[in-house]
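Below are the chains, spelled out letter by letter.
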Amino acid sequence: MRILLFMIYRYALLLQLLLISTVVEGVTNCGSVTDLWNEALSIEQLSVQDKLQENNQTVVTDIRAEKFVALFENCIESDFTDATLKNLSTNDKDVLYQLMHKITFYSQNDSMLSFITRLLKELPSEDLNKKRYAETLYSRYIANWMFAEAQELKTKFELDRDDYVFKLSGNLEGSRQVITPFLESGKLQEKNELLSERHVVVVGSLFCQPSERFSEWLKGKPELRKIMAKHSTWITRQNGDLRLNEVLEYNYISDHQPYSFVYKKDQWSEITYWGTPTFYFFEQNSLVRQIVGWPKEGREVQLREALAAIGLL
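Residues numbered from 1 in each chain as written. Predicted model: local features only at pLDDT ≥ 70, side-chain atom pairs only at ≥ 80, totals over all residues. Heavy atoms only, no water.

Before going further, it helps to examine the side chain of Ser 215. Here Ser 215 lies in helix H9 (residues 209–219). The contact partners of Ser 215, leaving out residues within four places of it in the chain, are Trp 234 and His 256. (Helix = DSSP H or I, 4+ residues; strand = E, 2+ residues; numbered from the N terminus. Contact = heavy atoms within 4.5 Å.)

Within the largest apolar cluster, 68 residues are counted, with the highest numbers of intra-cluster contacts made by Ile 76, Phe 80, Leu 96, Phe 115, Leu 120 and Phe 281. Apart from the residues within four sequence positions on either side, Phe 80 is in contact with Val 33, Leu 36, Cys 75, Leu 85, Leu 88, Leu 96, Phe 115 and Arg 118. Formed by 14 residues, the second largest nonpolar core is a distinct cluster that contains Val 203, Trp 268, Tyr 280 and Leu 287. (Core = buried A, V, L, I, M, F, W, Y, C linked by side-chain atoms within 4.5 Å. Buried < 20%, exposed > 50% of the residue type's maximum accessible area, 1.4 Å probe, protein only.)

What follows deals with the packing of aromatic side chains. For the structure on display, the rule yields twelve aromatic pairs. When the ring of Phe 214 is compared with that of Trp 294, the centres are 4.8 Å apart and the planes differ by 70°; the resulting orientation is edge-to-face. Linking Phe 214 in helix H9 with Trp 294 in the loop between strand E9 (286–292) and helix H12 (300–309), this pair joins segments that are 80 residues apart in sequence. This pair shows no difference in class: Phe 214 is buried, exactly as Trp 294 is. (Phe/Tyr/Trp six-rings, centres within 6.5 Å; stacked < 30°, edge-to-face > 60°.)

Cis peptide bonds are those with omega within 30 degrees of zero, and the linkage from Thr 276 to Pro 277 qualifies with -10°. Mapping Pro 277 onto the fold places it in the loop between strand E7 (259–262) and strand E8 (278–283). Phi angles above zero are rare outside glycine, and Glu 158 is one such case at about 50°. Examined against the element boundaries, Glu 158 turns out to sit in the loop between helix H8 (147–157) and strand E3 (177–184). According to the relative accessible area criterion, Glu 158 is exposed, its value standing at 63%.

Attention now moves to the confidence of the model for the protein. Overall, the prediction assigns the protein a mean pLDDT of 81, with 78% of residues at 70 or greater. Averaged over each element, pLDDT in the protein is lowest for helix H1 (residues 2–25) (44) and highest for H12 (96). pLDDT under 50 marks residues 2–28. Its contacts with residues more than four places away, or in other chains, come to 32 contacts. (pLDDT = per-residue confidence, 0-100.)

In a regular helix each residue adds 1.5 Å, so twelve residues correspond to 16 Å; helix H2 (residues 33–44) covers 16 Å between its end C-alpha atoms and thus fits that length. Along H2, the positions that sit buried rather than exposed are Val 33, Leu 36, Glu 39, Ala 40 and Ile 43. For H2, the angular spread of buried residues about the axis comes to 115°, placing them on one side. (Expected span 1.5 Å × (residues − 1). Arc of directions from axis to C-beta.)

A few words now on H9. All of the buried residues in H9 are Ser 211, Phe 214, Ser 215 and Leu 218. One side of H9 carries all its buried residues, which in axial view fall inside an arc of 100°. Considering only its buried residues, H9 is in contact with strand E5 (198–204), helix H10 (222–231), strand E6 (232–236), E7, E8 and H12.

Another aspect to go through is the environment of Lys 67. Considering the arrangement of structural elements, one finds Lys 67 in helix H3 (residues 64–76). Overall, Lys 67 belongs to the buried group, its relative accessible area being 5%. Counting along the chain gives 23 residues from Lys 67 to Glu 44, while the straight-line C-alpha distance between them is 9.2 Å.

Attention now goes to the pattern of salt bridges. Counted according to the given criterion, the structure contains nine salt bridges. Glu 283 is paired through a salt bridge with Arg 198; the nearest N and O atoms lie 3.6 Å apart. You can see Glu 283 sitting in strand E8 and its partner Arg 198 sitting in strand E5, a full 85 residues away along the chain. For Glu 283, a relative accessible area of 24% translates into the label partly exposed. Here Glu 300 ties to Lys 221 by a salt bridge, and the two come within 3.3 Å at their closest N and O atoms. Here Lys 221 lies in the loop between H9 and H10 and Glu 300 lies in helix H12, a separation of 79 residues in the sequence. Classification of Glu 300 by relative accessible area gives partly exposed; the value is 25%. Taken together, the shared-partner salt bridges connect Lys 221, Glu 223, Glu 300 and Arg 304 into one network. (Salt bridge = Lys/Arg side-chain N within 4 Å of Asp/Glu carboxyl O.)

Here the focus is the environment of Ala 40. Mapped onto the secondary structure, Ala 40 falls in helix H2. Residue Ala 40 is classed as buried on the basis of its relative accessible area, which comes to 0%. Spatially, the C-alpha atoms of Ala 40 and Lys 102 are 8.1 Å apart, while their sequence positions differ by 62 residues.

Pasting the structure below:
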């Protein structure tokens, strides 16, 4: 019975995906702002699905991100020119801004943030929401490492933000680089790291109980802890806000691997699911295994098998 229900659920999900794909990717005119908002609500109802990789490993992917990207590229970026934005009603501009806020929660890039900047300029100066929207855009800039734009916005709207804003140094355009922030002499510094040929990427969060559960479990496993200390990088989500203060404090008091940030999420196409904790096992820059979650009983067998699969055990 359970198998039958599961198969019905999977077929229903696939049908829903097909309908969404048809609506989002197969149109030239996506309708009104209200239509787009309703479409976004439909996409948001989607969850995660299993995806079969070339190496016959099944990984979990959050399909909402790619659907929201398609919605933006095919229905918003192409249809809402500067002239179109000027002619929108104040209410439609508000709805469109909330829509972009929703989209960039799941996926953001420079084009999306540029569009939000244009939209913000079109909101009337007397709009009471304008400063609140500027706060949202500021957070998106910070999370996307666009510090100059964030600082400009902070000054223009007199935003009361205390975030550490620091200048990144060196060439960070290569794939899969991470930024590990740390304090030295009271100033925020950054440490840039490249992943080794055999590497485990842990997507975790200091606010996530299963992530903490794994950290505590690992302390009692000296052999595995030694491997993870040498061959793993812990990255935390940067949706909307880096929360640098909390990350810095946590890294300072914690005795496990420090949490880092990715420089640009679009450099990490292999990270298909940002739920925490998720473990990605790489060899020669190719994804070999993935483990999602760390329940109370743990997943030691899976972890050992995955480490063995990339030659670390």
